[in-house]
Amino acid sequence: MDFEFGSADEAFRSEAREWLSEHLVGEYAQLAGVGGPGSEHEGAGGRRAWERELGSGGWIGLGWECAEGAYGNRVGSLTQQVVWAEEYARAGAPGRVGHIGENLLAPTLIAEGDEAQRRRFLPAIARGAELWCQGYSEPEAGSDLAGLRTVAVRDGGGHRVSGQKIWTSLAREADWCFVLARTDPGERRHRGLSFLLVPMDQPGRIEVRPIRQMSGTAEFNEVFFDGALAPHVVGGEGAGWRVAMGLLARERGVSTLVQQIGFAAELAAVIAAAVRCGSLRDPVLRDQLVGQWAELKVMRWNALRTLGAVGDAGAPSVAKLLWGGWHQRLGELAMRVRGAAAALGPVDWTERAPYELDALQRLFLFTRADTLYGGSDEIQRNIIAERVLGLPRLER
């Protein structure tokens, strides 16, 4: 697309910048830089209050394809969505806890839900009043999502869900979870699945267990369903695969550009560490850092090129392959530029805190998962091979 900022975009930028400067104060200013990948658990209570603050200003739902104000939200063009993301990052605002509802569930309801579902859920998301998590991956069905084992049986006007989901971000904070489950036991693979909406406050029916990672934190969770009630099905029973794949396609786009703003800040921190440590004198490390900078520019241009494009089956997989490998290499560089000192924590170990990590050490450990979560590199290459290049499907 022909991407450039016009006068309306710059006016929108001024409005966004002014609002953020007026509202990102006091307790919210203390949350600057808190949250996001690798630290989703930090400051969740304050970030939830910030979500409501954003909702009061109408800043949740800029990218929803609906009439402005229909659900209490503003609606922005693609360029205005990019402007908002840039200004949000520039202001150092907290990592969002409502992004799953805003960027994944809401567009899916607009495209696939019925009017009653839109009226029930979109205003609450737009106000920052209800948070969502995603129930897709399972212990035996991660990247190969069609192999899931969670089942749902009809019960009155809804379904009862039983099974286990894993790697569920924000499950402890979420009010609702959208769950992909098998509603027709006679079908296999991607057939017979349904996209269900499940309230998380069901004592005895839903259990959330944090997963402690090697970084010492617990961003992800296991979620166990034992006959949990799902009062809503989106898109009709048996249409879950189509709805789920549409949601995954919406996961890319403007959110990719937002992600790259965070990547740029992390790259700047790694370069600053290289300057402090004197490792820039090493021509190999210097060349690698320049390469990271150049690749990030290319990823941005590719994201802008595909922004708003439809029908490109390979674009989401290409984007995932690009950023997953790039971010993992950045984590490795974060350690390499510091040499042996990278193995030392910022404080002495104690019995209560076996080890503490600084930001770059957390970056390194968290990025080991970048080529796995959200669809492993192997699965992304299979998608490109089958859907873009037309190669024979892999037997499963």
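Calculation rules
Residues numbered from 1 in each chain as written. Predicted model: local features only at pLDDT ≥ 70, side-chain atom pairs only at ≥ 80, totals over all residues. Heavy atoms only, no water. Patch = residues over 30% accessible without salt bridge, like charges linked within 9 Å, V, L, I, M, F, W, Y side chains within 5 Å. Areas by Shrake-Rupley, 256 points an atom, 1.4 Å probe, with all protein chains shown as cover. Salt bridge = Lys/Arg side-chain N within 4 Å of Asp/Glu carboxyl O. Helix = DSSP H or I, 4+ residues; strand = E, 2+ residues; numbered from the N terminus. Buried < 20%, exposed > 50% of the residue type's maximum accessible area, 1.4 Å probe, protein only. Pairing = 2+ DSSP bridges. Axes fitted to C-alpha atoms, helices over the stretch in contact; angles between N-to-C directions. Left-handed = near helix turned anticlockwise from the far one by under 90°. Contact = heavy atoms within 4.5 Å. Nonpolar A, V, L, I, M, F, W, Y, C, P; charged D, E, K, R; others polar. Core = buried A, V, L, I, M, F, W, Y, C linked by side-chain atoms within 4.5 Å. Phe/Tyr/Trp six-rings, centres within 6.5 Å; stacked < 30°, edge-to-face > 60°. Lys NZ or Arg CZ within 6 Å of the ring centre and 35° of its normal.

K.L.:
I'd like to hear about a nonpolar patch on the surface, residue by residue, with values.
P.N.:
Nonpolar side chains collect at one region of the surface, where Val388, Leu389 and Leu391 lie side by side and expose about 290 Å² of accessible area between them. Secondary-structure assignment places leucine 389 in the segment after helix H11 (377–388). Classification of leucine 389 by relative accessible area gives exposed; the value is 59%.

K.L.:
Any chance you could break down unusual backbone geometry for me, citing the residues and the numbers?
P.N.:
For tryptophan 167, which is not glycine, the phi torsion reads 60° and is therefore positive. Following the sequence through the fold, tryptophan 167 ends up in the loop between strand S3 (158–165) and strand S4 (176–182).

K.L.:
Can you explain the pairing of S3? Please cite residues and give values.
P.N.:
Where strand S2 (residues 151–155) and S3 come together, 5 bridges link them in antiparallel fashion. Of the residues in S3, the one forming a bridge with alanine 152 is valine 161. In this structure, the hairpin formed by S2 and S3 is closed by a connection of 2 residues, where glycine 156 is found at a positive phi of approximately 65°. Taken together, the 7 bridges between S3 and strand S7 (residues 220–230) define a ladder with antiparallel strand orientation. When the sheet's bridge partners are listed, histidine 159 is paired in S7 with alanine 230.

K.L.:
Tell me what's going on with the packing of helix H9 (residues 315–336) against H11, and back it up with residues and numbers.
P.N.:
Running from N to C, H9 and H11 point in directions that differ by 145°, and their axes come no closer than 9 Å. In the crossing of H9 with H11, the sense of the turn from one axis to the other is left-handed. Residues Ser317, Val318, Lys320 and Leu321 of H9 touch H11, and the partners they reach there are Asp377, Gln380, Arg381, Ile383 and Ile384. Partitioned by chemical class, the residues of the contact of H9 with H11 number 4 nonpolar, 2 polar and 3 charged.

K.L.:
Can you break down the nonpolar core residue by residue, with the values?
P.N.:
With 47 residues, the main nonpolar core has Trp50, Trp84, Trp132, Phe178, Phe195 and Leu197 as its most contacted residues. Looking at this core, the elements that each hand over two or more residues are helix H1 (7–23), helix H2 (44–56), helix H3 (78–90), helix H4 (99–112), helix H5 (115–127), S4, strand S5 (193–199) and helix H6 (240–250). Per-element accounting of this core gives the leading share, 6 residues, to H4. Formed by 19 residues, the second largest nonpolar core is a distinct cluster that contains Ala274, Val337, Ala342 and Leu360.

K.L.:
Could you give an account of the pattern of salt bridges, with specific residues and numbers?
P.N.:
Here the structure, examined in full by the defined rule, presents 22 salt bridges. Between glutamate 87 and arginine 90 there is a salt bridge, and its shortest N-O distance comes to 2.8 Å. Note that glutamate 87 and arginine 90 are positioned in helix H3 at a spacing of 3 residues, about one turn of the helix. Accessibility expressed as a relative area gives 47% for arginine 90, which makes it partly exposed. Between glutamate 102 and arginine 96 there is a salt bridge whose closest N-O contact spans 2.8 Å. Owing to a relative accessible area of 7%, glutamate 102 belongs among the buried residues under this scheme. Residue classification places arginine 96 among the buried residues on the basis of a relative accessible area of 15%.

K.L.:
Help me get a handle on the packing of aromatic side chains, residues and values and all.
P.N.:
Evaluation of the coordinates by the stated rule reveals 16 aromatic pairs. Taken together, the ring pairs connect Phe12, Trp19, Tyr28, Trp50, Trp59, Trp84 and Tyr88 into an aromatic cluster. Lying across the ring of tryptophan 59, arginine 74 places its NZ or CZ 3.7 Å from the centre. Between lysine 320 and the ring centre of tryptophan 323, over which it is positioned, the NZ or CZ distance is 4.9 Å.

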